[in-house]
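Summary of the model geometry
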Amino acid sequence: MSTSDEKQVGYVYSEEYVDLCCKMPRLEDRARLVHHLIQAYNLVDKMKVARPKPASIEEICAFHSSDFVNTLQACHNFDMEDEITSEMTEYGLGYDCPLFPDVFSYASFVTGGTITAARLLTSRCCSIAINWFGGWHHAKRDMASGFCYCNDVVLGVLHLKTVFDKILYIDLDLHHGDGVEDAFLMTDKVFTLSFHKYAPGFFPGTGSISTIGKGKGQYYTLNIPLKDGITDQKYTDLFHEVFTNVMQAFQPNAVVCQFGADGLVEDPMRSFNLTSLSLGKCLSDILSYNLPTLCLGGGGYNFTNTAKCWCYLTSIILEQKLDTQIPEHQFFDRYGPDFELFLSPSNRSDTNESSYVKEIREKTLG
Ligand SMILES: O=C(CCc1ccccc1NC(=O)c1cccc(C(F)(F)F)c1)NO
Ligand SMILES: [Zn+2]
């Protein structure tokens with residue numbers, strides 16, 4: 001099958017990379033499930049596989065402070081019994097961001113994965129690049145946060161900026177993409193658009209509709225705060241309206257999208273009532289503009305649903321229809337009892353009253 005290069009889809013993967021991603025506590029074998037499902041649907045052979053290299057210290061320091069990176073690197077032989085020092089907690093390490101022996105190679109490899117994906121776009125080798133094991137949007141310049149050590153998203157955007165003038169960042173994770181928003185709050189070259197749950201006491205607590213950017217970056221930050229129970233229809237209608245407005249006004253040269261899957265039905269976060277069809281429709285909207293596009297993962301703590309979702313998104317990128325039956329493969333039995341690719345919404349109530357959505361529309365679309 002001959003695909004002209006500009007349609008080539010880049011997929012960041014190696015056995016070593018997946019193995020390392022599975023060392024992250026609380027994410028166990030998620031990366032392996034994701035890759036093997038994409039493989040089981042014969043999608044890997046339709047993509048240009050790019051082996052990631054770990055990001056170098058200087059690459060990571062393009063955003064993070066050197067004392068933070070040095071501290072993270074010093075934790076590389078940390079084991080569970082070691083006590084958490086005050087220095088570690090000062091850098092956000094130890095609680096929300098658990099320490100484990102390979103933490104630094106994990107963080108530098110994931111970051112390298114996203115930079116590798118971004119390079120596929122800046123080198124014009126591909127028009128779409130995927131790193132499902134990146135998308136760690138909470139990490140700050142000198143602080144790990146919310147399960148994120150290095151902010152691979154910021155570093156990917158910074159690399160894209162060396163070639164593309166204006167970058168649109170879209171964050172579809174259940175949680176507000178605070179680390180990325182902070183990094184680009186004051187620039188008009190990166191527009192950050194985040195859809196997320198916004199509720200008292202819900203992490204990270206930022207992302208209210210009133211945060212719109214500062215200085216030159218004023219009006220280049222947009223937050224869509226949502227409540228529990230939102231459905232596919234309401235989410236995708238709102239996304240379509242807001243996204244098309246932003247595309248018209250900002251006219252980016254490249255797009256980065258974080259497809260965190262913790263907003264899906266049956267996620268342990270138990271917040272939104274979305275199925276993969278929502279993220280799929282958002283992705284189709286984005287791809288319809290034929291811009292260089294970087295697709296990243298993120299949250300997603302129901303591992304089989306996350307694998308189903310990102311595999312489905314990969315099929316949309318490749319314009320391949322998938323069987324609804326999960327194909328036989330090494331992890332087939334994990335997909336029981338239904339062995340179905342698509343999810344069904346639950347009957348939980350949607351607390352986003354239409355008056356609330358109307359208010360959001362008015363405040364963001366003017
Ligand atoms: O998903 C996130 C991070 C969520 C987070 C924020 C702050 C502190 C810890 C976390 N991570 C979790 O709550 C978490 C991580 C892995 C698995 C789970 C589970 F219990 F939901 F499965 C929960 N950002 O997009
Ligand atoms: Zn999340």
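Given the structure is predicted, the values throughout are model-derived calculations rather than measurements.

**Remarks on the overall build of the protein**
The secondary structure content of the protein amounts to 12 helices and 8 strands. The C-alpha radius of gyration computed for the protein amounts to 19 Å, which stays within 12% of the reference 21 Å derived for 366 residues, consistent with globular compactness. Taken along the three principal axes of its C-alpha coordinates, the protein extends 50 × 50 × 45 Å. Out of the 366 residues belonging to the protein, those deemed buried represent 59%. Put simply, of all contacts in the protein between residues at least 6 apart along the chain, 79% involve residues at least 24 apart. A total of about 14,800 Å² of accessible surface is found on the protein, and carbon and sulfur atoms cover 50% of it. With 30 positive and 46 negative side-chain charges, the protein shows a spacing of 6 Å between the two charge centroids.

**Observations regarding the packing of helix 2 (residues 30–40) against helix 11 (residues 303–317)**
As a packed pair, helix 2 and helix 11 sit with axes 9 Å apart at the nearest point and diverge in direction by 40°. With respect to their mutual orientation, helix 2 and helix 11 come out oblique. Note on packing geometry: the crossing formed by helix 2 with helix 11 is right-handed. Contact with helix 2, carried on its side by Arg30, Leu33, Val34, Leu37 and Ile38, involves Phe303, Thr304, Thr306, Ala307, Lys308, Trp310, Cys311 and Thr314 of helix 11 and no other residues of that element. Looking at the contact of helix 2 with helix 11 residue by residue, the class counts come to 8 nonpolar, 3 polar and 2 charged.

**Details of the UniProt feature "binding site: substrate" (unreviewed entry) in the protein**
The UniProt record annotates "binding site: substrate" (unreviewed entry) at Asp96, Gly146 and Tyr301. Judged by its relative accessible area of 49%, Asp96 is partly exposed. For Asp96, the contacting residues outside a window of four places in its chain are Gly146, Phe147 and Phe203. Examined against the element boundaries, Tyr301 turns out to sit in the loop between strand 8 (293–296) and helix 11.

**Examining the nonpolar core**
In this structure, Trp132, Tyr149 and Phe259 are the most contacted members of the largest nonpolar core, which totals 130 residues. Looking at which element gives the most residues to this core, the answer is helix 6 (residues 103–122), with 11 residues.

**Looking at the site of ligand 1**
Taken together, 14 residues lie around ligand 1, and His137, His138, Asp173, Asp262 and Tyr301 are the ones closest in. His137 places a side-chain nitrogen or oxygen 2.7 Å from an oxygen atom of ligand 1. Between an oxygen atom of ligand 1 and a side-chain N or O atom of Asp262, the distance comes to 2.9 Å. Computed on the free molecule, ligand 1 has an accessible area of 550 Å², of which 82% lies beneath the protein chains in the complex. Considering only residue class, the shell around ligand 1 consists of 5 nonpolar, 5 polar and 4 charged.

**Re the sheet that holds strand 1 (residues 9–12)**
Across the sheet, 8 strands lie side by side as 2-1-3-8-7-4-5-6; this open sheet has parallel pairing. One side of each edge strand has no neighbouring strand; the edge strands of this open sheet are strand 2 (48–50) and strand 6 (221–226). Direction aside, the axes of adjacent strands within the sheet are offset by 15° on average. Sheet topology note: the strand 1/strand 2 ladder contains 3 bridges and is parallel. The residue of strand 2 that forms the bridge with Gly10 is Lys48. Strand contacts of helix 6: strand 1, strand 2, strand 3 (128–131) and strand 8, with the helix running at about 175° to strand 3, the strand carrying the most contacts.

**Some points on the coordination of the zinc ion (ligand 2)**
Within the protein, the atoms that donate to the zinc ion (ligand 2) are Asp173 (OD), His175 (ND1) and Asp262 (OD), at distances of 1.9 to 2.1 Å. Geometry at the zinc ion (ligand 2) is irregular, judged from its 6 donor atoms and the angles of 29 to 156° they form at the metal. The motif formed by the donor residues of the zinc ion (ligand 2), counted along the single chain, is D-x1-H-x86-D. A relative accessible area of 7% places His175 in the buried class.

**Considering helix 6**
Residues three or four positions apart in an α-helix share a direction because the helix packs 3.6 residues into each turn. Between the first and last C-alpha of helix 6 there are 29 Å, a value that for 20 residues agrees with the 28 Å anticipated at 1.5 Å per step. In terms of burial, helix 6 is largely enclosed, as 18 of its 20 residues are buried. Looking one or two residues beyond helix 6, the residue adopting positive phi is Arg124, at roughly 60°.

**Here's the deal with helix 2**
Buried residues dominate helix 2, accounting for 8 of its 11 residues. Looking at helix 2, one finds that the buried residues are Arg30, Ala31, Leu33, Val34, His35, Leu37, Ile38 and Ala40. On the buried face of helix 2, the contacting elements are strand 1, helix 1 (15–21) and helix 11. At the C-terminal side of helix 2, Asn42 shows a positive phi close to 55°.

Calculation rules
Residues numbered from 1 in each chain as written. Chains lettered and ligands numbered in written order. Predicted model: local features only at pLDDT ≥ 70, side-chain atom pairs only at ≥ 80, totals over all residues. Heavy atoms only, no water. Helix = DSSP H or I, 4+ residues; strand = E, 2+ residues; numbered from the N terminus. Rg over C-alpha atoms; globule rule 2.2 N^0.38 Å. Buried < 20%, exposed > 50% of the residue type's maximum accessible area, 1.4 Å probe, protein only. Contact = heavy atoms within 4.5 Å. Areas by Shrake-Rupley, 256 points an atom, 1.4 Å probe, with all protein chains shown as cover. Lys, Arg positive; Asp, Glu negative; His and termini not counted. Charge placed at Lys NZ, Arg CZ, Asp CG, Glu CD. Axes fitted to C-alpha atoms, helices over the stretch in contact; angles between N-to-C directions. Parallel < 35°, antiparallel > 145°, perpendicular 65-115°, else oblique. Left-handed = near helix turned anticlockwise from the far one by under 90°. Nonpolar A, V, L, I, M, F, W, Y, C, P; charged D, E, K, R; others polar. UniProt positions renumbered as here; feature names shortened; annotations may be inferred. Core = buried A, V, L, I, M, F, W, Y, C linked by side-chain atoms within 4.5 Å. Near = heavy atom within 4 Å. Polar contact = N/O pair within 3.5 Å; in protein donor to acceptor, adjacent residues only side chain to side chain. Pairing = 2+ DSSP bridges. Donors = N, O, S within 2.8 Å, 3.2 Å for Na, K, Ca; no water. Tetrahedral: all angles 85-135°; square planar, octahedral: opposite > 155°, others 65-115°. Expected span 1.5 Å × (residues − 1).

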